[in-house]
There are 2 protein chains.
Amino acid sequence: MGTMIAGGICAAQGFRAAGLHVGVKTHNVNKKDVALIVSDVPCAAAGMFTKNVVKAAPVRVTMEHLADGRARAVIANSGNANACAPRGEENARRMCAAAAKAIGCGPEEVLVASTGVIGQTLKVDVIEAGVPELDGLLARSDEASDGAAHAIMTTDTVKKEVAVRTEIGGKAVSIGGIAKGSGMIHPNMGTMLCFLTTDCAISPEMLRAALHEVVRVSFNRISVDGDTSTNDTCCVLANGLAGNKEITGKGEDYAAFVQALEEICILLARKMAKDGEGAKHLITCAVSGARDEAQAETISKSVISSTLTKAAIFGCDANWGRVLCAMGYSGEQFDPEQVDVRFASTAGTILVCEKGRGLDFDEALAKKILTEDEIAIEIAMGEGDGSCTCWGCDITYDYIKINGDYRT
Amino acid sequence: MGTMIAGGICAAQGFRAAGLHVGVKTHNVNKKDVALIVSDVPCAAAGMFTKNVVKAAPVRVTMEHLADGRARAVIANSGNANACAPRGEENARRMCAAAAKAIGCGPEEVLVASTGVIGQTLKVDVIEAGVPELDGLLARSDEASDGAAHAIMTTDTVKKEVAVRTEIGGKAVSIGGIAKGSGMIHPNMGTMLCFLTTDCAISPEMLRAALHEVVRVSFNRISVDGDTSTNDTCCVLANGLAGNKEITGKGEDYAAFVQALEEICILLARKMAKDGEGAKHLITCAVSGARDEAQAETISKSVISSTLTKAAIFGCDANWGRVLCAMGYSGEQFDPEQVDVRFASTAGTILVCEKGRGLDFDEALAKKILTEDEIAIEIAMGEGDGSCTCWGCDITYDYIKINGDYRT
């Protein structure tokens, strides 16, 4: 495993960042709304995007700009998703052009992302007007990463930032990332944005392969509310300044890179689930003894996505029947009479269902376990060696409050 | 269309019913918890059940008892689902035996259903002890149907009961039904129970065919919370006392029967969606201009199941972006730039999205439209002639309250 380090999105050599309030978010001038991330030198780059048929304009523009596997910078705004909005593509391109002009590169070297309300015209003028000041703020520091991490937040209550250092080909390599949730989050990417930077030397092809491997077991295994958004974007830039021998194929160096990238992405994904809109609990659902990984994943996702299970966890209620019910409608075939269910947290572990039948368990202990912030639902299926872990959160009064009146 | 009549589950000739508190629900002695529905003569019978892999014991027993397409009676309890519970099948059979003994028929002529908490042992003793009194209460009256309708309620706030009269083969035929919601409701049947009775003469085969046709466009088109329960059951008994020529094939009489049964089931399904746990609004999502009915249905279900759309409707917020987003992740391919979205209610209709782009609409009018109890989301896709209507409800603070502490 890599070593956790400070610096976030600026941890890797040659990356600078900044965040600024330019006026996309009109209701609070203290909330930053545009982030800029720049590499001093050209980078290999890769991205993964929402599978929603309705793709926001910045998603389409970024996909186009990533076609050659190269990029220099990312510009992202919060407060407006620029999805289903008038002049969406024109405005996304104007964001790239403004960043490119300030940095001194081609607009096709800039990736763009937006998050916020769907269907409203983006105030691209205020972004263009703010970019020179944003460019002036670019720095490689903890504060700079913090600024960028805050500038992409919407209903997030905490910033999501993490960095690790590892050794690849005898050289110290750093990887850092920032991300945002926290509604419209569902397996296959949510209203999530995630930007990752590394000084690792790696070819665009291997960077893309690594990102696919890692997203599958991190961001694609979380759910907040079952709504897959129009804007999900996860991009990685690799500028090669670590000086390791460029990774151009699978092998020891590639495996080390994937391991470090996976560590970062799982940490960011857990942060996203834990800070799901209104959430009070992080729910980890660990399925073991499944026929194979795919079955374990389908069942685990069904459990973390079950509104009734989420409501039970909010109530600290060991209502395991809802867990079995969610397993049962997952679409997978299995024998319910082989299933054991446990609830666990730092307060202990309790077996509540054995071979598909309810046990007389200690309700007081169960309540104590479920009162912790981070709780686990452990499912043993007794069918084979397949396992998978997914992450979600509870559904609360605050989720309804946040989403009953989000636009206004 | 048939004529709406009184009488509910007892509207058809030869059917008697009753509901009674026997003690399955311990927290409130005023809440009835066992229902009995009996035909004076043997009936053709058909049923449809949850597709959840985890099927409650009474579901399995009723499927077995329906194998010959014949039945005389239904016994159902609320307060305990008898799913994943110790001695589940034994206890379901004991319920059938108790009813059979009281009525004077074979236990295999009795259908059984349960709804309530999963995983706890059913107090079958108190049901057995109560059946003779329940049998003594059997009557053919509005009050008797009302008693049975109340006895199957869990978190429902209103009873669901409806009956119509139509003419088939020159004879007056009545069909009546009772049903219950109101959580764990999702397309492909919810924690719903629905019992239908008719005096129509129809063969078991044609009764089964009619039920399948009708459930597809009624109960399978509603969602409360996306959780498909372990206990869903919809049974119909047809005793032939109307004296029409028995329906043994498709034709005019069959079509008239299906039309009346569909009318009943759509009304009951709408009642279920409207009384979804904690719901303040019935949401009707009507998709037109789709490639075909299947595409329209998938998209309509995705919209009514979207937690974010449900939260927006709770807030009377015309947040159509969430509608487009839910269409986009439905799994169907379509061109977002052909989509129009309108919100409608008795207060008016407003176009909010045209050809996939947001319009500057009158927010005050939109708010007025969405403040009504029953609101419609009308989606025109501009691709073909396919259409479908599904029903759902908003998600509210009360949903969280009800489900955060349901077991205790």
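Model, not experiment: these values are computed from the prediction.

A.B. asks: How do you make sense of the environment of A:Val126 when you look at a structure like this?
C.D. replies: Residue and element names in this part refer to chain A. Following the sequence through the fold, Val126 ends up in helix α3 (residues 124-137). Since its relative accessible area comes to 26%, Val126 is described here as partly exposed. It is 57 Å that separates the C-alpha atoms of Val126 and Pro336, two residues lying 210 residues apart in sequence. When residues no more than four places from it in sequence are discounted, the contact partners of Val126 are Val22, Gly23 and Val24.

A.B. asks: Please clarify how the relation of the copies chain A and chain B should be interpreted in this entry.
C.D. replies: For these two chain copies, the linking operation is a rotation about an axis paired with a shift along it. For the match of chain A to chain B, the screw axis carries a shift of 0.0 Å, the RMSD comes to 0.0 Å, and the turn is 180°. The operation mapping one copy onto its partner corresponds to a two-fold rotation axis. Judged by C-alpha distance, A:Tyr397 is the residue of chain A that lies nearest the rotation axis, at 2.7 Å. A shared binding surface is used by both copies, with 100% of the interface residues of chain A retained as interface residues in chain B.

A.B. asks: Explain the confidence of the model for chain A to me, please; I cannot follow it from the model alone.
C.D. replies: Parts of the model with low pLDDT should not have their predicted coordinates read in detail. Overall, the prediction assigns chain A a mean pLDDT of 90, with 95% of residues at 70 or greater. For this predicted complex, the interface score ipTM comes out at 0.70, alongside a pTM of 0.79.

A.B. asks: In this structure, what is going on with the environment of B:Gly181? I would like to understand it.
C.D. replies: Residues and elements named next belong to chain B. Note that Gly181 resides in the loop between β7 (171-180) and β8 (193-198). Residue classification places Gly181 among the buried residues on the basis of a relative accessible area of 0%. Remark: the alpha-carbon pair of Gly181 and Cys194, spanning 13 residues in sequence, is separated by 9.1 Å.

A.B. asks: What exactly am I supposed to notice about helix α7 (residues 293-305) of chain B here?
C.D. replies: Along an α-helix, residues three or four apart share an orientation, since each turn contains 3.6 residues. All names here are of chain B. In a regular helix each residue adds 1.5 Å, so 13 residues correspond to 18 Å; α7 covers 18 Å between its end C-alpha atoms and thus fits that length. The set of residues buried in α7 consists of Gln295, Ala296, Glu297, Ile299, Ser300, Lys301, Ser302, Val303 and Ile304. Buried-residue contacts for α7 involve α5 (204-217), β10 (282-290), α8 (307-314), α9 (320-328), β14 (374-380) and β15 (386-393).

A.B. asks: Hey, could you run me through the interface of chain A and chain B in this one?
C.D. replies: For an interface, size is often stated in terms of accessible area lost upon the parts coming together. Across the contact, 54 residues belong to chain A and 54 residues belong to chain B. Summing both sides of the interface, chain A and chain B together bury roughly 4,400 Å²; the carbon and sulfur share of this comes to 59%. Counting across the chain A and chain B interface gives 4 residue pairs in polar contact (both at pLDDT 80 or more). Among the secondary structure elements, those contributing two or more residues to the side of chain A that touches chain B are α8 (307-314), α9 (320-328), β13 (357-358) and α11 (397-404) of chain A. Of the residues contributing to the side of chain A that touches chain B, the split by class is 24 nonpolar, 18 polar and 12 charged.

A.B. asks: Would you mind showing me how to read the packing of α11(A) against helix α11 (residues 397-404) of chain B here?
C.D. replies: Axis angle and axis distance: for two packed helices, these are the angle between their axes and the distance between the axes, and together they describe the pair. The N-to-C vectors of α11(A) and α11(B) enclose an angle of 165°; their axes lie 8 Å apart at closest approach. Taken as axis vectors, α11(A) and α11(B) run roughly antiparallel relative to one another. Regarding α11(A) and α11(B), the two cross each other, and that crossing is right-handed. On α11(B), the residues touching A:Tyr397, A:Ile400 and A:Lys401 of α11(A) are B:Tyr397, B:Ile400 and B:Lys401. Grouping the constituent residues of the contact of α11(A) with α11(B) by class yields 4 nonpolar, no polar and 2 charged.

A.B. asks: What should I look at first to understand the sheet that holds strand β12 (residues 348-354) of chain B in this one?
C.D. replies: Note: strands within a sheet are paired through backbone hydrogen bonds, in either parallel or antiparallel orientation. Residue and element names in this part refer to chain B. Across the sheet, which stays open at both edges, the 6 strands sit in the order β13-β12-β11-β14-β10-β15 with mixed pairing between neighbours. Two strands lie at the open edges of the sheet, namely β13 (357-358) and β15, each paired on one side alone. In terms of strand pairing, strand β11 (residues 340-345) meets β12 through 5 bridges, oriented antiparallel. Bridging across to β12, Phe343 finds its partner in Ile350. Its contacts with the sheet place α7 against β10, β14 and β15, and it is angled at close to 20° to β15.

A.B. asks: In this structure, what is going on with the sheet that holds strand β15 (residues 386-393) of chain A? I would like to understand it.
C.D. replies: All names here are of chain A. Reading across the sheet, the 6 strands line up as β13-β12-β11-β14-β10-β15 and stay open at both edges, with mixed pairing between neighbours. A strand with exactly one partner marks an edge of an open sheet, and here the two such strands are β13 and β15. When strand β10 (residues 282-290) meets β15, the two strands line up antiparallel, connected through 7 bridges. What sits directly across from Leu282, in β15, is Cys393. Contacts from helix α7 (residues 293-305) reach β10, β14 (374-380) and β15, with the element oriented near 20° to β15. Taken strand by strand, helix α10 (residues 363-371) contacts β11 (340-345), β12 (348-354) and β14, and its axis lies near 120° from that of β12.

A.B. asks: Would you take a moment to explain the packing of helix α1 (residues 57-65) of chain B against helix α2 (residues 88-103) of chain B for this structure?
C.D. replies: Residues and elements named next belong to chain B. Between α1 and α2, whose axes approach to 8 Å, the crossing angle comes to 55°. Overall, the two elements α1 and α2 adopt an arrangement that is oblique. Regarding α1 and α2, the two cross each other, and that crossing is right-handed. Between α1, through Ala57, Pro58, Arg60, Val61, Glu64 and His65, and α2, the contact on the second element is made entirely by Gly88, Glu89, Ala92, Arg93 and Cys96. A per-class count over the contact of α1 with α2 returns 5 nonpolar, 2 polar and 4 charged.

What counts and how
- Residues numbered from 1 in each chain as written.
- Chains lettered and ligands numbered in written order.
- Predicted model: local features only at pLDDT ≥ 70, side-chain atom pairs only at ≥ 80, totals over all residues.
- Heavy atoms only, no water.
- Helix = DSSP H or I, 4+ residues; strand = E, 2+ residues; numbered from the N terminus.
- Buried < 20%, exposed > 50% of the residue type's maximum accessible area, 1.4 Å probe, protein only.
- Contact = heavy atoms within 4.5 Å.
- Least-squares fit on C-alpha atoms with pLDDT ≥ 70 in both.
- pLDDT = per-residue confidence, 0-100.
- Expected span 1.5 Å × (residues − 1).
- Buried area = accessible area lost by both parts, 1.4 Å probe.
- Polar contact = N/O pair within 3.5 Å; in protein donor to acceptor, adjacent residues only side chain to side chain.
- Nonpolar A, V, L, I, M, F, W, Y, C, P; charged D, E, K, R; others polar.
- Axes fitted to C-alpha atoms, helices over the stretch in contact; angles between N-to-C directions.
- Parallel < 35°, antiparallel > 145°, perpendicular 65-115°, else oblique.
- Left-handed = near helix turned anticlockwise from the far one by under 90°.
- Pairing = 2+ DSSP bridges.

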